[in-house]
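Fold and contact review
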Amino acid sequence: MNHKYQIDLTKSNPNWTKSQLFKRGIWEYFVRPLFLLLPRSANKYRILLLKCMGAKIGHSCLIEPGVLVLMPWNLVLGNLVVLGKDVEIYNYALVKIDDMTVVSQRSYLCTGSHDYTHPHMPLTWKPITIGSECWIAAEAYLAPGVEIGNGTVIGARSVVTKNMPDWVVCAGNPCKPIKTRLIKAL
């Protein structure tokens, strides 16, 4: 079958430097397999392995088993951050999560995409920033370049493609602010 394609994926090359390829190889083939084998009780060792690979992680964080991180050197966690079981951080660009924030199980933080208008569909990436005191509920998807304001809740299975403001509850596909988040007095 002779077909003239408009897209040529054989020319889609992100042009990683040798240093970047070396770092990715060390993480992917040596450190990450150990990271993924550690039981829940080995949280401090998961954090140590991420820090050894360049992640910046504050005090008293919890990283549950099964968390997948593409590039630890592009990860910054504030203090008391929780990454739930099987969270995936696909971070070609920086992912920054501020203090007292929870990212619940199976959420997907995706900094990478492709320029689908270009004939080679090159890889593109933009950072993700999540403010302090946020909750990203189960199976939420955060797209490249989004910023989540301080105190914001993103509902389960939401698809976030735009920035969300401070102290609101947001949900849906596409994700939209629904109401103000109010914290009860004790």
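Scroll up for the structure.
Below is a summary of the structure that appears in this document. (Residues numbered from 1 in each chain as written. Predicted model: local features only at pLDDT ≥ 70, side-chain atom pairs only at ≥ 80, totals over all residues. Heavy atoms only, no water.)

Quick notes on the pattern of salt bridges
Using the following cut-off: Salt bridges are defined by distance alone: a side-chain nitrogen of Lys or Arg within 4 Å of a carboxyl oxygen of Asp or Glu. What counts as a helix is a DSSP run of H or I of at least four residues, what counts as a strand is a run of E of at least two, and both are numbered from the N terminus.
Under the definition given, this model contains seven salt bridges. A salt bridge links glutamate 64 to arginine 40, with the shortest nitrogen-to-oxygen separation between them at 2.7 Å. Taken together, the positions of glutamate 64 in the loop between strand E2 (62-63) and strand E3 (68-69) and arginine 40 in the loop between helix H1 (18-37) and helix H2 (43-52) put the pair 24 residues apart, joining distant regions of the chain. The network of salt bridges with common partners includes Arg106, Glu139 and Arg157.

Some remarks on the packing of H1 against H2
We apply this condition: Axis definition: a line fitted to C-alpha atoms, limited for helices to the stretch in contact. Angles are taken between N-to-C directions and run from 0 to 180 degrees. Should an angle lie under 35 degrees it is considered roughly parallel, over 145 roughly antiparallel, and from 65 to 115 roughly perpendicular; all remaining angles are considered oblique. Crossing handedness is read from the near helix: turned anticlockwise from the far helix by less than a right angle, it gives a left-handed crossing, and turned clockwise, a right-handed one. The contact criterion used throughout is that any non-hydrogen atoms of two residues lie within 4.5 Å.
It is the contact of H1 with H2, at a shortest axis distance of 9 Å, that shows an interaxial angle of 165 degrees. For the element pair H1 / H2, the angle class is roughly antiparallel. As H1 packs across H2, the resulting crossing turns out to be left-handed. Only Arg46, Leu49 and Leu50 of H2 make contact with H1, whose side of the interface consists of Trp27, Val31, Leu34 and Phe35.

Observations concerning the side chain of arginine 32
Rule in force here: Buried, partly exposed and exposed residues are distinguished by accessible area as a fraction of the type maximum, computed with a 1.4 Å probe on protein chains only: under 20%, between the cut-offs, and over 50%, respectively.
Topologically, arginine 32 is positioned in helix H1. Residue arginine 32 is classed as buried on the basis of its relative accessible area of 19%. In contact with arginine 32, not counting residues within four places along its chain, are Trp27, Leu68 and Val69.

A look at the sheet that holds strand E19 (residues 175-180)
Our working definition: We call two strands paired when DSSP finds no fewer than two bridges between them.
Reading across the sheet, the seven strands line up as E2-E5-E8-E13-E16-E18-E19 and stay open at both edges, with mixed pairing between neighbours. Two strands close off the open sheet at either side, each with one partner strand: E2 and E19.

Focus: the environment of glutamate 133
Within the secondary structure, glutamate 133 is located in the loop between strand E12 (128-130) and strand E13 (135-136). Along the backbone, glutamate 133 and asparagine 150 are 17 residues apart, and their C-alpha atoms lie at a distance of 6.0 Å. Excluding anything up to four places from it in sequence, glutamate 133 contacts Asp99, Met100, Thr101, Gly151, Thr152, Trp167 and Arg181.

Structural notes on the sheet that holds strand E7 (residues 95-97)
The strand order E1-E4-E7-E12-E15 describes an open sheet built from five strands, whose pairing is parallel. Looking at the sheet topology across the chains shown, the edges are occupied by strand E1 (56-57) and strand E15 (147-148). In terms of strand pairing, strand E4 (residues 75-77) meets E7 through three bridges, oriented parallel. Looking at the pairing, leucine 75 lines up with valine 95 of E7.

Here's the deal with the environment of leucine 62
Tracing the backbone shows leucine 62 in strand E2. With relative accessibility at 23%, the residue leucine 62 sits in the partly exposed group. Considered as a pair, leucine 62 and proline 177 are 115 residues apart in the sequence and their alpha carbons are 28 Å apart. Sequence-distant contacts of leucine 62, defined by excluding residues within four places in its chain, comprise Arg40, Asn43, Val81, Val82 and Leu83.

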